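Here are the chains, one letter per residue:
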Amino acid sequence: MMLTVKNLYCERDERVLFQNLDFSVAEGEVWQIQGSNGSGKTTLLRILCGLNDEFTGEIYWQGKEQSKTRQEFNHEVFYLGHAPAINKTLSPKENLSWFCASRGLRNNDQIKKVLNSFNLYGYEDLPCYLMSAGQQRRVSLARMLLSQAKLWIIDEPFTALDKQGVQELEALLSAHALAGGSIILTTHHSLQMDYSIRVVDLDAMAGLVAA
Amino acid sequence: MMLTVKNLYCERDERVLFQNLDFSVAEGEVWQIQGSNGSGKTTLLRILCGLNDEFTGEIYWQGKEQSKTRQEFNHEVFYLGHAPAINKTLSPKENLSWFCASRGLRNNDQIKKVLNSFNLYGYEDLPCYLMSAGQQRRVSLARMLLSQAKLWIIDEPFTALDKQGVQELEALLSAHALAGGSIILTTHHSLQMDYSIRVVDLDAMAGLVAA
Amino acid sequence: MNIVKATLRRELLIAFRSPGDIINPLMFFVIAVSLFPLGVGADQEFLREIAAGVIWVTALLAVMLSMDSLFRSDYEDGSLEQLLLSPQPLYFIILAKVCSHWLVSGLPLVILAPVFASMLALPEQGLFPLVASLLIGTPILTLLGAVGMALTVGLSRSGLLLAVLILPLYVPVLVFGTGVVDSALNSLGTAGLLALLGAMLILAISLAPLAIIAALRISVS
Amino acid sequence: MNIVKATLRRELLIAFRSPGDIINPLMFFVIAVSLFPLGVGADQEFLREIAAGVIWVTALLAVMLSMDSLFRSDYEDGSLEQLLLSPQPLYFIILAKVCSHWLVSGLPLVILAPVFASMLALPEQGLFPLVASLLIGTPILTLLGAVGMALTVGLSRSGLLLAVLILPLYVPVLVFGTGVVDSALNSLGTAGLLALLGAMLILAISLAPLAIIAALRISVS
Amino acid sequence: MGSFDSFSDFLAMGGYATYVWSAYAFFILVLIFNVWQPILSRKKYLKQQLRREQVQQERAQAQQKREEMTNGSAT
Amino acid sequence: MWQWLYKLTSPKWFYTISGQLMPWLVGLTTFLLGVGLIWGLAFTPPDYQMGENYRIAYIHVPAASIAMGCYYMMAIMAAAFLIWRIKMADMVAKACAPVGMTFTALALFTGSVWGIPTWGTWWIWDARLTSTLIMMFLFIGVMALRSAYDSETAGGKACAVLSLVGVVNVPIIKYSVEWWNTLHQGASSLSLSNTAANPPEIWMPAFFVGFGLFGFYLIAIILRTRNEILIRERKAEWVGEVLSATLLVNQGEV
Ligand code: HEM
Ligand SMILES: Nc1ncnc2c1ncn2[C@@H]1O[C@H](COP(=O)(O)OP(=O)(O)OP(=O)(O)O)[C@@H](O)[C@H]1O
Ligand SMILES: Nc1ncnc2c1ncn2[C@@H]1O[C@H](COP(=O)(O)OP(=O)(O)OP(=O)(O)O)[C@@H](O)[C@H]1O
Ligand SMILES: [Mg+2]
Ligand SMILES: [Mg+2]
């Protein structure tokens, strides 16, 4: 088991987002977090990757308590949130090379290859503010491949992508899972992957705080 | 004819959003502007109501050139954009009463009635930041009824509304049109109104700037 | 004018609901004024010479820095669009907005100024001229600042840009304002200078709203 | 450390791409310094007395007001989350960020300060101590300001709140900084005071990043 | 040398050499800057335009290739 | 007259005419500046009071007055752009800011350098000096505002509004600062030497340098405006032709 979640409970503004939440993510598994707007999907992902600690319950990373293996955890987990984490004045190459450095990688030669595979040939050195929303999203997603992480936690990765982009991303996710990696994602888009997907439905978990 | 648009042309970032755009909105008509993301729907609505003057072509309001009848035009047209125009520290009542004053109306007694009809009974005096996105949207929409305008220009009015809210809004739009008012709106949601709707499709209008 | 009353009411309500907008410029003024004795030395003889200048420069900076709350939230929540589409005379709406902003950010400074002036050992005959000059001068600063703010409200990262744009324009107000106190301390008449400041205020009241409206139209489109 | 180099590179690149971030604090400094003679009078005798204090207070305000560009855009585009999830030592990344921010917003002030000091008629023997004290003092200001900024970056309208939070913390730096120049003008030794400032800098370098990290975690969650 | 006795006198400017010559040096600097900068930015713009055209051509070619490939695999 | 003015508002006409005019302007400017500078530097007799250092006046005075003229020109162009929406006016206004800034810097620098031997200090808070410094800030403000806008038209309009607000203020600034200074210290001690009272050998070169510098100012504005035309009108057919022609020529060296 890579990630194990036990008895997770989170409330916000007098409303329970989820309670008694238990699940384990094994290698090669793809998990989708489902729920309507405001049901707590983003909150859950941020709890899982350690950006939010307003919860009770336990999270284990490869058997050890997550909060005690932070460095290792950060090495092996990649998180991509709603925001693209792309500086608009920098070019894709500059953005990605800082990203690599921030993860302790030295694969500058790979950046160009990965950008090409995301259909960004010719845009490597253009400042990102000159690019469309979809292209910026691609730059953001390119980091997934560069990160060399085992577990990808991605929030709404399909936003702003066109049809072709969606297909390519789905293929990429399948490939990562087939290669033994794991994925936790949320999306309002219905996935068309040839891969079995496990689901956590947060709408079923909600409730009112007991008075 | 309330609003007549002749030979409208608009480009942005080297891309023609629309060209040779002609249409006339008569009393009792509902027009929907269609198009994919970034096709220029919002831009068109803002041009029509006079917030944007980066275009060429003519716009007539009741036969007169729009730019020459600004005051009258502003009296008889109501615009609601992406942003709700709701100050979050004020209550719905306070927000709406300033709105009425800004349109030269003195119908403070109507505000409560309109708020009730938008299912906001009991929320009149709560600051808006304590309300959900949907409730804020309702406050914003309540201004439509208060405005006493003939032409409503509304951008994505259905966002953040739940099922019931959507039905009620559709009924409201039909009622306005039946009473002789006109509506121009954009939405990604498929309208379920018993009313014939005219369509402008912007995707068909786009093009590249001639080199 | 119903709309003027309504706008004043709205703006004052908003300000009192988020008290930071009133307290912060005042606190900035108080802290910055207190920094000067620490920076230039606490000699009374000496402080009295710089008192009026320091108070004026700090008040000027406080007014400039408080401008951010004038149009920012209206721009972000879309109220500014509605305002520009109002069939009522825009000139008066804008004037009412600026006026209420001065009431919550400028007036408290004017009221507190004599306290700090006497902490800085400004002689007594300078106190009333100081207050009078601030009373006429700060509205001019607010009006000019509103023009700068209207020009920069649409920019994502304006930061200190506002300062670069409008501080040079503040120079005459500063010169005449401190001039009033100076004349008083040298036992010269202050009426002429105050009248000059008043004329500038009238000029600003009549022209600045037009510039603000033009600038807001640019920022919103 | 590869990550330190990479962070410095990134931050400097961003700064040079949006030159406003470099120019605006500098222009604010220059304009605000020029306002003082207009406010307090142009008498040379008199200006030299306040020169060091005015330069220090204005530099302090400029540094404080420039802080907004340190974490704001990273917060808004989500880079801050990525930074906090980095497996590399955060302490050094933060230090590199603060350092590059000082290089673009603090260092130019230090370099330009002697020019404006001599415009304010600061005697020559005060110039070097002024530059030395600013060189050691402004990084402390930047580090303290970064703590305040990290605390307020998550708030939608921080504005003058930052000023109210950190200006009081700036007081010791201001006192010792102007003290250095004062001692020099009175022909006393400046080494002791500079050493004290240096000690404060070392303290700030070792502790402030920890406070910044803690504050950023709070702001992001 | 006009009103000067010698060239070195001219350079010395009656003891004011630093002032006069630094003023004139700055003057020349301003002249050069105001001509050079627009010329430089014109060159940069032309270069950029050239590069844009090249990239556009390359993208068009790549697009064509991809279309040919997908058409080929479809039939 | 009107037709000519109307033509001026056409970028194409401006581009071609300025292109044809340029060699003449460059020639005339070089001649005037060359004659004026050599004459002024080497052939005029030294001033009986200031000695040789008055030769700084030959560049200081025209630089200062052209800088001020440049600000007014920028404001006029701003008005033309806002009122009649003449795009050319905005392009010229855009060119005015950096040129005006460098000329102001030149006036400040030469004045300061001149002040060291004559006044014994390179800076005093004299009315004229202070108002020149503030004019420099105004130029920088306009440039900063334009660079902060992404959109060309919006930036142009914003700068136009700022320039106009500034131009209302310029006389007020000048007057206020003059008033302020006389109260604190006598300006008489700084009275600048009066060129009108000097013999023609002294002021004739000043005319040459003055007109030469004015010619140079026009050249600088025209160069920048031409660039701006190429960038903004890149979709116009005639610009396409100009571009492809220059690109063909340049392809060799690029
Ligand atoms: C930083 C220092 C200085 C600045 C900013 C400055 C600025 C100016 C300005 C704005 C003008 C007006 C030009 C016009 O009206 O057309 C001017 C003219 C002049 N300046 Fe300066 N100046 C400075 C220092 C000096 C010094 C040190 C001297 C000589 C002792 C000097 C001598 C003159 C003369 C002779 C004129 C022409 C006078 C006239 O036409 O009325 N300036 N300067
Ligand atoms: N910073 C916050 N402080 C307080 N409450 C918040 C905060 N952010 C979100 N919430 C509330 O927490 C709940 C869950 O929000 P969350 O962003 O996790 O929803 P989500 O499932 O990701 O929704 P979406 O589909 O819109 O992305 C919502 O009701 C929201 O109002
Ligand atoms: N301020 C702006 N400056 C320049 N270009 C803009 C600006 N705002 C929008 N655009 C561009 O104009 C085009 C049309 O945008 P617009 O907002 O009108 O689209 P839309 O049809 O309303 O899209 P959506 O469905 O997402 O609301 C887009 O390509 C966008 O990139
Ligand atoms: Mg979410
Ligand atoms: Mg839209």
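Participant: Which residues make up the overall build of chain F, and what are the values?
Facilitator: Along chain F, the regular secondary structure elements total eight helices and zero strands. When the helices and strands of chain F are placed in sequence order, the string is α-α-α-α-α-α-α-α. Within the span of chain F, comprising 254 residues, buried residues form 53% of the whole. Accessible surface for chain F amounts to roughly 11,400 Å². Of this, 69% is attributable to carbon and sulfur atoms.

Participant: Outline the interface of chain F and chain E, listing residues and values.
Facilitator: Every contact between the two is made by 42 residues of chain F and, on the other side, 33 residues of chain E. The interface formed by chain F and chain E holds zero salt bridges in total. If you look at where chain F meets chain E, you find seven residue pairs in polar contact (both at pLDDT 80 or more). Of all elements in the fold, only α2 (11-43), α3 (57-84), α4 (87-119), α7 (200-232) and α8 (237-251) of chain F reach the threshold of two or more residues within the side of chain F that touches chain E. With 10 residues, the top contributor of residues to the side of chain F that touches chain E is α4(F). In terms of residue class, the side of chain F that touches chain E is made up of 29 nonpolar, eight polar and five charged.

Participant: Tell me about the interface of chain E and chain A, and please be specific about residues and values.
Facilitator: Every contact between the two is made by five residues of chain E and, on the other side, five residues of chain A. Interface area, chain E with chain A, both sides summed: about 410 Å², of which 29% is carbon and sulfur. When the buried area of chain E at its contact with chain A is split by residue, E:Glu58, E:Arg59 and E:Arg66 rank highest and sum to 78% of it. Counting across the interface, chain E meets chain A through zero salt bridges. Applying the counting criterion to the chain E and chain A interface returns one residue pair in polar contact (both at pLDDT 80 or more). For the side of chain E that touches chain A, the class distribution of residues is one nonpolar, no polar and four charged.

Participant: Describe the pairing of strand β3 (residues 30-34) of chain B, and please don't skip the residues or the numbers.
Facilitator: Residue and element names in this part refer to chain B. In terms of burial, β3 is largely enclosed, as four of its five residues are buried. Here five bridges tie β3 to strand β9 (residues 197-201), and the two strands are oriented parallel to one another. From the neighbouring strand, Trp31 faces β9, where its bridge partner is Arg198.

Participant: Describe in detail the sheet that holds strand β6 (residues 77-80) of chain B, supporting the description with residues and values.
Facilitator: All names here are of chain B. Ordered in space as β6-β7-β8-β3-β9, the five strands form an open sheet in which the pairing is parallel. The open sheet has two free edges, formed respectively by β6 and β9, since each of these has just one partner strand. Taken pair by pair, the neighbouring strands of this sheet meet at an average axis angle of 15°, ignoring direction. Two elements, β6 and strand β7 (residues 151-155), share four bridges in a ladder whose sense is parallel.

Participant: Tell me about the pairing of strand β7 (residues 151-155) of chain A, residues and numbers included.
Facilitator: Counted residue by residue, β7(A) has five buried out of five residues, so it is predominantly covered. As for the winding sense of the linkage, the β-α-β connection from β7(A) through helix α6 (residues 163-178) of chain A to strand β8 (residues 182-186) of chain A is right-handed.

Participant: Describe the sheet that holds strand β9 (residues 197-201) of chain A, and please don't skip the residues or the numbers.
Facilitator: Residue and element names in this part refer to chain A. Read from one edge of the open sheet, five strands run β6-β7-β8-β3-β9, paired in parallel fashion. Looking at which strands have only one partner, the edges of the open sheet turn out to be β6 (77-80) and β9. Looking at each pair of strands side by side, their axes are set apart by 15° on average, direction ignored. By the bridge criterion, four bridges tie strand β3 (residues 30-34) to β8 in an arrangement that is parallel. Considered in β8, the bridge of Val30 is made with Ile183. Sheet strands touched by helix α1 (residues 41-49): β3, β6, β7 and β8. Its angle to β7, the strand with the most contacts, is close to 150°.

Participant: Can you tell me about the pattern of salt bridges, naming the residues and giving the values?
Facilitator: All names here are of chain F. This model, assessed by the stated rule, comprises 31 salt bridges over all chains. The partner of Arg232 in a salt bridge is Asp90, and the shortest N-O contact between them spans 3.0 Å. Residue Arg232 is located in helix α7, and its partner Asp90 is located in helix α4; the two are separated by 142 residues in the primary sequence. Classification of Asp90 by relative accessible area gives buried; the value is 2%. Through salt bridges with shared partners, one network takes in Asp90, Lys94, Arg146, Glu152, Glu228 and Arg232.

Participant: Tell me about the coordination of the magnesium ion (ligand 4), and please be specific about residues and values.
Facilitator: Residue and element names in this part refer to chain A. At the metal site, the magnesium ion (ligand 4) is ligated by Thr42 (OG1) and His82 (NE2), and these contacts range over 1.9 to 2.4 Å. With Thr42 in helix α1 and His82 in the loop between β6 and α3 (92-102), the pair connects residues that are 40 residues apart, well separated along the chain. Taking the relative accessible area as the measure of exposure, Thr42 reaches 24% and is therefore partly exposed.

Participant: Explain the environment of F:Ile219 to me, using residue names and the numbers behind them.
Facilitator: Residues and elements named next belong to chain F. Positionally, Ile219 belongs in helix α7. A relative accessible area of 7% places Ile219 in the buried class. Among all residues touching Ile219, those that are not within four sequence positions of it are Met22, Leu25, Val26 and Thr29.

Participant: Before we move on, could you go through the packing of aromatic side chains and cite the residues and values that matter?
Facilitator: Within the structure shown, the criterion is met by 26 aromatic pairs over all chains. Both rings, one in B:Trp61 and one in B:Phe73, keep their centres 5.3 Å apart while their planes meet at 90°; by these two values the pair is edge-to-face. Pair noted here: B:Trp61 is in strand β4 (residues 56-61) and B:Phe73 is in helix α2 (residues 70-76), with a separation of 12 residues, a long-range link. Look at B:Phe73 and you get buried, because its relative accessible area is 1%. Between F:Tyr71 and F:Phe139 the ring centres are 5.4 Å apart and the planes differ by 65°, which places this aromatic pair in the edge-to-face class.

Participant: Now, about a negative patch on the surface: what can you tell me, with residues and values included?
Facilitator: A surface patch of like charges, here negative, comprises C:Asp43, C:Glu45, C:Glu49, D:Asp43, D:Glu45, D:Glu49 and D:Asp182. Those elements that provide at least two residues to the negative patch are α3 (44-66) of chain C together with α3 (44-66) of chain D. Structurally, C:Asp43 is set in the loop between α2 (20-40) and α3.

Participant: So what about unusual backbone geometry? Which residues, and what values?
Facilitator: For A:Asn20, which is not a glycine, the phi torsion comes out positive at approximately 50°. Here A:Asn20 is to be found in strand β2 (residues 15-25). The phi dihedral of B:Ala85 is positive, around 60°, even though this residue is not glycine. Judged by relative accessible area, which is 9%, B:Ala85 ranks as buried.

Cut-offs used in this document
- Residues numbered from 1 in each chain as written.
- Chains lettered and ligands numbered in written order.
- Predicted model: local features only at pLDDT ≥ 70, side-chain atom pairs only at ≥ 80, totals over all residues.
- Heavy atoms only, no water.
- Helix = DSSP H or I, 4+ residues; strand = E, 2+ residues; numbered from the N terminus.
- Buried < 20%, exposed > 50% of the residue type's maximum accessible area, 1.4 Å probe, protein only.
- Areas by Shrake-Rupley, 256 points an atom, 1.4 Å probe, with all protein chains shown as cover.
- Contact = heavy atoms within 4.5 Å.
- Salt bridge = Lys/Arg side-chain N within 4 Å of Asp/Glu carboxyl O.
- Polar contact = N/O pair within 3.5 Å; in protein donor to acceptor, adjacent residues only side chain to side chain.
- Nonpolar A, V, L, I, M, F, W, Y, C, P; charged D, E, K, R; others polar.
- Buried area = accessible area lost by both parts, 1.4 Å probe.
- Pairing = 2+ DSSP bridges.
- Axes fitted to C-alpha atoms, helices over the stretch in contact; angles between N-to-C directions.
- Right-handed = clockwise from strand over helix to strand, strands pointing away.
- Donors = N, O, S within 2.8 Å, 3.2 Å for Na, K, Ca; no water.
- Phe/Tyr/Trp six-rings, centres within 6.5 Å; stacked < 30°, edge-to-face > 60°.
- Patch = residues over 30% accessible without salt bridge, like charges linked within 9 Å, V, L, I, M, F, W, Y side chains within 5 Å.
- Lys, Arg positive; Asp, Glu negative; His and termini not counted.
- Charge placed at Lys NZ, Arg CZ, Asp CG, Glu CD.

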